[in-house]
Amino acid sequence: TTNQSNMFSNAYKYNKSMSNWTFSGNMNQMFRDAYTYDQNFQIGNNATNLYQMFVRAYSYTGQGVENWDVSGSANISYIMYLCTSFNGNIESWDVSDKTTLLYSFYYTSSLFRALNNWDTSSVTDARNAFNRSKITRLPTNWTSSTTGLNNLFTDNDTNSQSFNSDAAGLQL
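First, a word on what this report is: a plain description of the structure on this page. Only a predicted model underlies this, so the values are computations on that prediction, with no experimental measurement involved.

A word on the overall build of the protein chain. Helix and strand counts for the protein chain come out as zero helices and two strands. Looking at the protein chain residue by residue over its 172 residues, the buried ones come to 49%. Contacts in the protein chain between residues at least 24 apart in sequence constitute 48% of all its contacts with a sequence separation of at least 6. Summing over all exposed atoms, the protein chain offers an accessible surface of approximately 7,700 Å²; the carbon and sulfur share of this is 41%.

Have a look at this one:
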């Protein structure tokens, strides 16, 4: 199937294994409000829409996301919005063609990753993208076309020993 939009939305107690499943196409709000969901599955290179995929999936930790191909998805805004347990390895995700990261990892308070290798040169709107996350190294190749940087890293623990980023590398 190519449309899994809202497939497990509001499945508050759903947490069945899908380790042999590979999804593609439209996954808009697929696990929205699936509070207890925390399983591994794959996303193929035909994933077109990941908008709000895990909104308020509080237990989702992100196991296996390092193998996801998000390059074909036009929209990853709000993908992990309020996923407070999320700490999936997204360091190698290809976001080079993304124009918006709007609220994509907002309040992923367990997200403890280095994203300094992300190519964000196409991003024009990154409002609240990493607000209240625990990013240890920030993407540094923002460009002058990135106008939406409001609250991009607000409430990150930039004073912690683990935070290691050179803000001087921001190309604005």
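Next comes the rest of the account.
Applying the stated criterion to the full structure yields 30 aromatic pairs. With a centroid separation of 4.7 Å and an interplanar angle of 20°, the aromatic rings of F8 and Y14 are classed as stacked. F8 sits in the buried class, given a relative accessible area of 11%. On the numbers, 5.9 Å between centres and 15° between planes, the contact of W68 with W93 is stacked.

Right, let's talk about the nonpolar core for a bit. With 39 residues, the main nonpolar core has F31, F41, M53, F54, W68, W93 and F105 as its most contacted residues. Not counting the four nearest positions on each side in its chain, M53 is found in contact with M27, Q29, M30, F31, R32, F41, I43, W68, Y78 and I79. Counting six residues, the second-largest nonpolar core is a separate cluster that includes V55, Y78, L82 and L102.

So, about the side chain of D125. Looking at where D125 falls in the secondary structure, it is placed in the segment after β2 (42-49). Using a relative accessible area of 16% as the deciding quantity, one classes D125 as buried.

Once that is clear, we can look at the pattern of salt bridges. Under the criterion given, the structure shown has five salt bridges. Ionic pairing is found between R113 and E91, a salt bridge with its closest N-O pair at 4.0 Å. Taken together, the residues span a long stretch of sequence, with R113 in the segment after β2 and E91 in the segment after β2 at a distance of 22 residues. With relative accessibility at 32%, the residue E91 sits in the partly exposed group. We note a salt bridge from D125 to R127, for which the minimum N-O separation is 2.5 Å. Using a relative accessible area of 34% as the deciding quantity, one classes R127 as partly exposed. Here the salt bridges do not stand alone but share partners, grouping R32, D33 and R56 into one network.

Our next topic: a nonpolar patch on the surface. Side chains of Y12, Y35 and Y58 sit close together on the surface and give an oily, nonpolar patch of about 270 Å² of accessible area. Relative to the elements of secondary structure, Y12 occurs in the segment before β1 (22-26). The class of Y12 is partly exposed, set by a relative accessible area of 40%.

Counting through the fold element by element, W21 comes out in the segment before β1. Since its relative accessible area comes to 38%, W21 is described here as partly exposed. Note: C-alpha distance between W21 and Q42 (21 residues apart in sequence) is 6.3 Å. The contact partners of W21, leaving out residues within four places of it in the chain, are F8, F41 and Q42.

What counts and what doesn't
- Residues numbered from 1 in each chain as written.
- Predicted model: local features only at pLDDT ≥ 70, side-chain atom pairs only at ≥ 80, totals over all residues.
- Heavy atoms only, no water.
- Helix = DSSP H or I, 4+ residues; strand = E, 2+ residues; numbered from the N terminus.
- Buried < 20%, exposed > 50% of the residue type's maximum accessible area, 1.4 Å probe, protein only.
- Contact = heavy atoms within 4.5 Å.
- Areas by Shrake-Rupley, 256 points an atom, 1.4 Å probe, with all protein chains shown as cover.
- Phe/Tyr/Trp six-rings, centres within 6.5 Å; stacked < 30°, edge-to-face > 60°.
- Core = buried A, V, L, I, M, F, W, Y, C linked by side-chain atoms within 4.5 Å.
- Salt bridge = Lys/Arg side-chain N within 4 Å of Asp/Glu carboxyl O.
- Patch = residues over 30% accessible without salt bridge, like charges linked within 9 Å, V, L, I, M, F, W, Y side chains within 5 Å.

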